[in-house]
Amino acid sequence: MELGRLEYLQALVTEFQVTDSTGNKRRCSLVLSVSSISSHLRPCSFSLAEAKEQVLANLANFAYDPSNYEYLRQLQVLDLFLDMLTEDNETLVEFAMGGLCNLCLDKTNKEYILEANGVEPIINCLSSSNEETVVSAVTTLMFLTTPRSRAQTTALPVVECMLRFSLSANTRLSNLASIFLQDYCSPPQVEEARNLSRHTAVGIPLPKD
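Everything numeric in this text was worked out from a predicted model, so none of it was measured.

A. Fine view of the overall build of the chain. Looking only at helices and strands, one finds 12 helices and two strands in the chain. Each helix (α) and strand (β) of the chain, taken in turn from the N terminus, gives the series α-β-β-α-α-α-α-α-α-α-α-α-α-α. Per-residue burial for the chain yields a buried fraction of 48% across its 209 residues. Relative to all contacts within the chain whose residues are 6 or more apart in sequence, the contacts with residues 24 or more apart total 67%.

B. Spatial organisation of the side chain of Thr139. As for its placement among the helices and strands, Thr139 is situated in helix 8 (residues 131–144). Judged by relative accessible area, Thr139 falls into the buried class, the value being 16%. Other than its neighbours up to four places away in sequence, Thr139 contacts Cys101 and Leu176.

C. Structural context of the confidence of the model for the chain. Model confidence for the chain is summarised by a mean pLDDT of 85, while 80% of its residues fall at 70 or above. Every residue in residues 19–44 is under pLDDT 50, and counting partners more than four places away or in other chains gives 42 contacts.

D. Local environment of the packing of aromatic side chains. Evaluation of the coordinates by the stated rule reveals two aromatic pairs. Note on Tyr8 and Phe62: the rings are 5.7 Å apart at their centroids and 55° apart in plane angle, and the pair reads as tilted. Remark: Phe62 occurs in helix 2 (residues 48–62) and Tyr8 occurs in helix 1 (residues 2–17); sequence separation between them is 54 residues. Positioned over the ring face of Phe16 is Lys52, at 5.1 Å from the centre of the ring.

E. Up close: the pattern of salt bridges. If you walk through the whole model with that rule in mind, you get seven salt bridges. In this structure, Glu131 and Arg172 form a salt bridge, with 3.2 Å as the shortest nitrogen-oxygen distance. Within this pair, whereas Glu131 is found in helix 8, its partner Arg172 is found in helix 11 (residues 171–184), the two being separated by 41 residues in sequence. For Arg172, a relative accessible area of 40% gives the class partly exposed.

Here is what the cut-offs are and how they apply
- Residues numbered from 1 in each chain as written.
- Predicted model: local features only at pLDDT ≥ 70, side-chain atom pairs only at ≥ 80, totals over all residues.
- Heavy atoms only, no water.
- Helix = DSSP H or I, 4+ residues; strand = E, 2+ residues; numbered from the N terminus.
- Buried < 20%, exposed > 50% of the residue type's maximum accessible area, 1.4 Å probe, protein only.
- Contact = heavy atoms within 4.5 Å.
- pLDDT = per-residue confidence, 0-100.
- Phe/Tyr/Trp six-rings, centres within 6.5 Å; stacked < 30°, edge-to-face > 60°.
- Lys NZ or Arg CZ within 6 Å of the ring centre and 35° of its normal.
- Salt bridge = Lys/Arg side-chain N within 4 Å of Asp/Glu carboxyl O.

Quick look at the structure:
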């Protein structure tokens, strides 16, 4: 059974990496049989972009289960997720960010992401117009905050961003940002960011509702 799981995950990674230069419609070669498959998944006939979205959503879904962590590391899925954060396709970014958010609760995964310089692309996701991407990015920064990484995860631009998010009409986002400011930032950091924000109109835009 465990070997079957590894083979299945390998098939997903291979499927994601398949390229189709024609861009024509093609039929999915994988049968998705896990009961917790993401609601984003669609029927088996779809375009190349949709195929990649479906497979990435499936990989992100497997990242919920700690029993898959070793397999996902072995298959370099953490690198795949990090690479997808710079894609123009917002759906791919959303699923990749969600996958990282699921994985970084694990100490080994957290250390890997930090060593791979993953904080910067995650911070960049705070400027996404996609609410799910932003929420996952904020949550991931919380999970990645350690004594060693705190200077980067709570850098001044991040704290400024959280101050703006805390004023959002989006309750989900404002509550999360408020927790970040209270639990992960020092009062002097918050005050410095607040003072700086009073003198600039430029900031990370709020995601679309």
